[in-house]
Number of protein chains: 2
Amino acid sequence: MATEEYHLARRRQVADAVERLIAERGFEGVTMARAAAEAGVSVGLVQHYFSSKDDLLRYAYTRVTERMLARALHRAEELAAHRGSIRLALRESLAERLPLDEARRAEWRVAFAFAARAVDLPDLAAVRNRTEAAIRDQLAQAITNGKECGEVPAETDARSAAVGLLALVEGLGLHTYLDPALPAPVVLAELERALAGVLPGECRHYG
Amino acid sequence: MATEEYHLARRRQVADAVERLIAERGFEGVTMARAAAEAGVSVGLVQHYFSSKDDLLRYAYTRVTERMLARALHRAEELAAHRGSIRLALRESLAERLPLDEARRAEWRVAFAFAARAVDLPDLAAVRNRTEAAIRDQLAQAITNGKECGEVPAETDARSAAVGLLALVEGLGLHTYLDPALPAPVVLAELERALAGVLPGECRHYG
DNA sequence: TTAGACGCAATATGATCATATTGCGCCATG
DNA sequence: CATGGCGCAATATGATCATATTGCGTCTAA
């Protein structure tokens, strides 16, 4: 009965409830009692599986970032298989991080809430930095591939370019989320412009 | 004795204390009692001048954004007077918003803390959107000026470009602040690359 | 000179939370 | 059938806060 599998499932059950709470009421809306209620369990259970609230939050954030990363990797593989242009691949995977529809808005809100708290909580910052670095590597790899087939100028520093693209997407995300007056086409056009800056060429081979 | 001037000074005294608290302990570190202590006054005084904590925070944020905006305007005038290149002017005023030294880190932390809360508090979001729009206008104006003297291609949409540049700077700021492993030169280089994307030319006349 | 309003201090109130404590049912094992 | 430990539920504890209340000194104006 003490299966590890079972324990893991309970931890996830609570962590998922935390995500839902953040999406609905923001970070401030998360309390031990509410997390328990949302997960349909008792406060005692939550305490049993997490040594403190910080521990719970760190676990929940790790889950969020792992999911984001897994999606990025999956998408990269998918596109490698289909051999589309690198620029197209980058556009897709970057645009996916923008809060342009309700589902993405909810996800974005959760991820951003954690990022904002990471400014004060080094634990969360560490989780975040690890993930961002992995995503940057992913982007940098794609850009490097682009060099080989002429989509990207040889003198481009792939790692720097990845930093810039990722930062742009995060900034655009914040604006998009907060300012309903900002039209989505403008946001996407700016992403496109930035991509054009990095990948002036086009090619059909990938990887 | 009931001079308006006096009232204003007290309000500012408390609002400044709030800023210091955020810079030192983050948004969570702000309580009515601590704000009063930091300002060197009683809790009663704070309550007397602000109808609620939210009111106090909104006032403090308004002050922060007004200062940022005033600085942007001042810098624009300064550069118009000296007639440097527009690209130089944009670089300066954008780089200024990055947390690259301790003073800017503190300012950035305060501004970001408010922006993060703005996700949940529409009052703060309104304050923010107003300011961001003004700064974007400022940038857009500079870019438009660039068209007249050939620094900027005629087909560029100045407003869109401003959105992109501002978003990039905000994203770079977040990365810079959270990730000490990210070298400052890379961040500045990416800002430069983005500027090159918008202003491929150079010219010496401004305004 | 006194009535009252204003500016503020001190303290009370009550809500909310994270966490500590206690104990109970159930299952495995002896 | 004991017994002991594990998984949890229920509740207690104490801290922290925003805000309400109360009252006091001082300046103003009649």
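Residues numbered from 1 in each chain as written. Chains lettered and ligands numbered in written order. Predicted model: local features only at pLDDT ≥ 70, side-chain atom pairs only at ≥ 80, totals over all residues. Heavy atoms only, no water.

### Structural notes on the relation of the copies chain B and chain A
At step 1: In the superposition of chain B on chain A (RMSD 0.0 Å, axial shift 0.0 Å), the rotation amounts to 180°. Considering both components of the superposition, the chain copies are consistent with a two-fold axis.
At step 2: A share of 100% of the interface residues of chain B reappears at the interface of chain A, consistent with the copies meeting face to face through the same patch. (Least-squares fit on C-alpha atoms with pLDDT ≥ 70 in both. Contact = heavy atoms within 4.5 Å.)

### Some remarks on helix α8 (residues 158-178) of chain B
At step 1: Between the first and last C-alpha of α8 of chain B there are 30 Å, a value that for 21 residues agrees with the 30 Å anticipated at 1.5 Å per step.
At step 2: Burial of α8 of chain B is extensive: 20 of the 21 residues sit out of reach of the surface. (Helix = DSSP H or I, 4+ residues; strand = E, 2+ residues; numbered from the N terminus. Expected span 1.5 Å × (residues − 1). Buried < 20%, exposed > 50% of the residue type's maximum accessible area, 1.4 Å probe, protein only.)

### What to know about the side chain of E19 of chain B
At step 1: With respect to the helices and strands, the residue E19 of chain B is situated in helix α1 (residues 4-25).
At step 2: For E19 of chain B, the residues in contact, after removing those within four places along its chain, are V64, R67 and V110 of chain B.

### Structural notes on the packing of aromatic side chains
At step 1: Inspection of the entire model under this criterion finds 11 aromatic pairs over all chains.
At step 2: Measuring from ring centre to ring centre gives 5.8 Å for F112 of chain A and F112 of chain B, while their planes differ by 70°; the resulting arrangement is edge-to-face. A residue pair is termed interchain when its members come from two chains, as with F112 of chain A in helix α6 (residues 102-118) and F112 of chain B in helix α6 (residues 102-118).
At step 3: With a relative accessible area of 9%, F112 of chain A lands in the buried category.
At step 4: Judged by centre distance (4.7 Å) and plane angle (10°), the rings of W108 of chain B and F112 of chain B are stacked. Of this pair, W108 of chain B and F112 of chain B both sit in helix α6, 4 residues apart, which is roughly one turn of that helix.
At step 5: According to the relative accessible area criterion, W108 of chain B is buried, its value standing at 10%. (Phe/Tyr/Trp six-rings, centres within 6.5 Å; stacked < 30°, edge-to-face > 60°.)

### Some remarks on α6 of chain B
Residue and element names in this part refer to chain B.
At step 1: For α6, with 17 residues, the first-to-last C-alpha span of 24 Å sits near the 24 Å given by 1.5 Å per residue.
At step 2: What α6 keeps buried is the set W108, R109, V110, A111, F112, A113, F114, A115, A116, R117 and A118.
At step 3: Where α6 starts, the residue carrying a side-chain oxygen 3.2 Å from the main-chain nitrogen of A103 turns out to be D101. (Polar contact = N/O pair within 3.5 Å; in protein donor to acceptor, adjacent residues only side chain to side chain.)

### Let's talk about the interface of chain B and chain A
Interface size is commonly expressed as the accessible surface area that is lost when the partners come together.
At step 1: With 41 residues of chain B at the contact, the number on the chain A side is 41 residues.
At step 2: Roughly 3,200 Å² of surface becomes buried between chain B and chain A when both sides are summed, with 61% attributable to carbon and sulfur atoms.
At step 3: Between chain B and chain A we count 6 salt bridges in total.
At step 4: Residue D179 of chain B is joined to R136 of chain A by a salt bridge in which the shortest nitrogen-to-oxygen separation is 3.3 Å.
At step 5: On the surface where chain B and chain A come into contact, there are 12 residue pairs in polar contact (both at pLDDT 80 or more).
At step 6: Mapped onto the side of chain B that touches chain A, the elements with two or more residues apiece are α6, α7 (122-148), α8 and α9 (184-198) of chain B.
At step 7: Of the residues assigned to the side of chain B that touches chain A, the class counts are 21 nonpolar, 8 polar and 12 charged. (Buried area = accessible area lost by both parts, 1.4 Å probe. Salt bridge = Lys/Arg side-chain N within 4 Å of Asp/Glu carboxyl O. Nonpolar A, V, L, I, M, F, W, Y, C, P; charged D, E, K, R; others polar.)

### Looking at the environment of G197 of chain B
Residue and element names in this part refer to chain B.
At step 1: Mapped onto the elements of the fold, G197 is located in helix α9.
At step 2: Note on G197: relative accessible area 44%, which makes it partly exposed.
At step 3: C-alpha separation for the pair G197 and L21, spaced 176 residues apart in sequence, amounts to 39 Å.

### Digging into the UniProt feature "domain: HTH tetR-type" (unreviewed entry) in chain A
At step 1: Mapped onto this numbering, the UniProt entry gives "domain: HTH tetR-type" (unreviewed entry) at residues 8-68 of chain A.
At step 2: Within residues 8-68 of chain A, the helical portion is 80% and the strand portion 0%, while the C-alpha atoms at the span's ends are 20 Å from each other. (UniProt positions renumbered as here; feature names shortened; annotations may be inferred.)

### Some words on the packing of helix α8 (residues 158-178) of chain A against α8 of chain B
At step 1: Relative orientation of the contacting elements α8 of chain A and α8 of chain B amounts to 110°, with a least axis distance of 6 Å. Looking at the two axes, α8 of chain A sits roughly perpendicular to α8 of chain B. Contacts from V163, G164, L166, A167, L168, E170, G171, L172, L174 and H175 of chain A in α8 of chain A reach V163, G164, L166, A167, L168, E170, G171, L172, L174 and H175 of chain B in α8 of chain B.
At step 2: Across the contact of α8 of chain A with α8 of chain B, the residue classes tally to 12 nonpolar, 6 polar and 2 charged. (Axes fitted to C-alpha atoms, helices over the stretch in contact; angles between N-to-C directions. Parallel < 35°, antiparallel > 145°, perpendicular 65-115°, else oblique.)

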